[in-house]
Amino acid sequence: MSTVKLTVNGKAVAVDVEDRTLLVHLLRDHLNLTGTHVGCDTSQCGACVVHMDGRAVKSCTMLAGQADGANVTTIEGIATGDELHPMQAAFRDNHGLQCGYCTPGMIMSAIDIVHRHGGQLDEATVRHELEGNICRCTGYHNIVKAVLDAAGRMKVAQAAE
């Protein structure tokens, strides 16, 4: 057993876990943050994407101990109170979800894409960047629309800060 100390969604936590515990299981089983989904356990589907120190990571292939001292943000931590994050609002407004299973990981990946590419996003870039996230329902068209819409919303929100 090891104690993993990290900040999750702005709150400092310390969790005793077995050394083999994956970050996704620390989040879901120990912290009850079930928005991060387990889809494949092989880093193929992207349902488990969270942000660690501001970068998207697949939590199903990362040991919890590797996150010791890190700042982790899950889908539960991106809204501000009752106000959705611009990416969440864009997914809602553009019907970028169907069953919803991939949506948390898709949103977390999309936020990272916008942060890395800023105003240099186009449909081809979004489609290429989302290759590590699998959606079996939507065909990606509305997801891509949502990401491009949110990129503009995020730019406006950053300018207002």
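This structure is a prediction, so every number in the text was calculated from the model and none was measured.

What counts and how
Residues numbered from 1 in each chain as written. Predicted model: local features only at pLDDT ≥ 70, side-chain atom pairs only at ≥ 80, totals over all residues. Heavy atoms only, no water. Pairing = 2+ DSSP bridges. Helix = DSSP H or I, 4+ residues; strand = E, 2+ residues; numbered from the N terminus. Axes fitted to C-alpha atoms, helices over the stretch in contact; angles between N-to-C directions. Contact = heavy atoms within 4.5 Å. Salt bridge = Lys/Arg side-chain N within 4 Å of Asp/Glu carboxyl O. Buried < 20%, exposed > 50% of the residue type's maximum accessible area, 1.4 Å probe, protein only.

Caption draft 1: How the structure looks around the sheet that holds strand β1 (residues 2-8). Read from one edge of the open sheet, 5 strands run β2-β1-β5-β3-β4, paired in mixed fashion. The sheet is open, and its two borders are formed by β2 (11-17) and β4 (55-58), each paired with just one other strand. Taken pair by pair, the neighbouring strands of this sheet meet at an average axis angle of 40°, ignoring direction. Pairing geometry for β1 and β2, over 7 bridges, is antiparallel. Note that in β2 the partner of serine 2 across the bridge is valine 17. Sitting on the sheet, helix α3 (residues 103-117) touches β3 (49-52), β4 and β5 (71-73), and the angle it makes with β3 is about 40°.

Caption draft 2: Region of the structure containing the pairing of β4. Judged from the 4 bridges that link them, β3 and β4 form a sheet pairing that is antiparallel. Following the sheet pairing, valine 49 is matched in β4 by lysine 58. Linkage of β3 to β4, two consecutive antiparallel strands, is achieved through a turn of 2 residues, within which aspartate 53 is found at a positive phi near 50°.

Caption draft 3: Structural detail: the pattern of salt bridges. Under the criterion given, the structure shown has 7 salt bridges. Among the ionic pairs, glutamate 18 bridges to arginine 20, the shortest N-O distance being 2.7 Å. When its relative accessible area of 65% is taken as the criterion, arginine 20 is described as exposed. Notably, a salt bridge pairs arginine 116 with glutamate 129, separated by 2.6 Å at the nearest N-O pair. Residue arginine 116 is found in helix α3, and its partner glutamate 129 is found in helix α4 (residues 123-129); the two are separated by 13 residues along the sequence. Residue class for arginine 116 comes out partly exposed when judged on its relative accessible area of 40%. The network of salt bridges with shared partners includes Arg92, Asp93, Asp149 and Arg153.

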